[in-house]
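Fold and geometry: a report
What follows is the residue order along each chain.
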Amino acid sequence: MTPPVFLVEPGTLPPRGRLVLDGAEGRHAAAVRRLQPGEALVLADGAGEVADCVVAVAHRDSLELEVVARRALPAPSPRLVVVQALAKGDRGETAVETMTEVGVDAVVPWAAARSVVQWRGDRGARALGKWRATAREAAKQSRRARVPEVLPLATTAEVAALAGAGTAYVLHEEAEEPLATAPLPDGGDLVLVVGPEGGVAPDELDALAAAGARPVRLGAEVLRTSTAGTAALAVLQVRTGRWG
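Thresholds, definitions, all that
Residues numbered from 1 in each chain as written. Predicted model: local features only at pLDDT ≥ 70, side-chain atom pairs only at ≥ 80, totals over all residues. Heavy atoms only, no water. UniProt positions renumbered as here; feature names shortened; annotations may be inferred. Helix = DSSP H or I, 4+ residues; strand = E, 2+ residues; numbered from the N terminus. Polar contact = N/O pair within 3.5 Å; in protein donor to acceptor, adjacent residues only side chain to side chain. Phe/Tyr/Trp six-rings, centres within 6.5 Å; stacked < 30°, edge-to-face > 60°. Buried < 20%, exposed > 50% of the residue type's maximum accessible area, 1.4 Å probe, protein only.

As annotated in an unreviewed UniProt entry, the chain is Ribosomal RNA small subunit methyltransferase E from Vallicoccus soli. Under the UniProt heading Catalytic activity (unreviewed entry), the entry covering the chain gives this text: "uridine(1498) in 16S rRNA + S-adenosyl-L-methionine = N(3)-methyluridine(1498) in 16S rRNA + S-adenosyl-L-homocysteine + H(+)".

**Describing the side chain of Thr134**
Mapping Thr134 onto the fold places it in helix H3 (residues 121-141). In terms of polar contacts, Thr134 uses its side chain to reach the backbone carbonyl oxygen of Lys130, at 2.8 Å.

**A look at the packing of aromatic side chains**
Any aromatic ring pair is given by two values, namely how distant the centres are and how the planes are angled relative to each other. The tally for this structure, following the rule as stated, stands at one aromatic pair. Ring geometry for Trp119 against Trp131: centres 5.0 Å apart, planes inclined by 80°, an arrangement best described as edge-to-face. With Trp119 in the loop between strand E7 (106-110) and H3 and Trp131 in helix H3, the pair connects residues that are twelve residues apart, well separated along the chain. The exposure class of Trp119 is buried, given its relative accessible area of 12%.

Next comes the structure, spelled out in structure tokens:
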């Protein structure tokens, strides 16, 4: 089993020597995971810098660690960006969690025309905070050195601009082209647009297509908005060689 991952602030990882893991991460490692002297763990700054460590001393709510090695992991390419339409209940958070587990690099919440839920004011700020916290926890669970960026809520016009800046696909049940055979870029951003429960509205699809996004389908089945992005990401991970 691979060592557990704990997140620290950028710039706090020493090349060698000892450090103390305290705060929320230290309490989790010492009191919940109950790591003991001699056990290995990985510290990550969420942006690709990692330190391989061994527990030297275990306290009630913190650990003293010996840094064995320091590594910088390159950013994967192409960069996988998912525009995820707002979904009712906790389905948006479920989408963020599972997409993080399969390797998404950035998530853009989208206020689609047919989204039942709308983010406004304090409610929107809290919801965005939940998505970001979900991405952080899912990155730890899946042993990722990089925490996906969750960007602010985007409008359809902003999503179209994002699609026009890279290679973009829109998941649509009536599309003729399968994602499994759609052309792929050599690098840069690969943007995947996932609509809400009611689907992408015709005028939204037109705007995205005009910006250069290709409508694609996964298969004969119609997936929920909370699972479609995860399934599509798995296809792209294999096709781009990121899962090699």
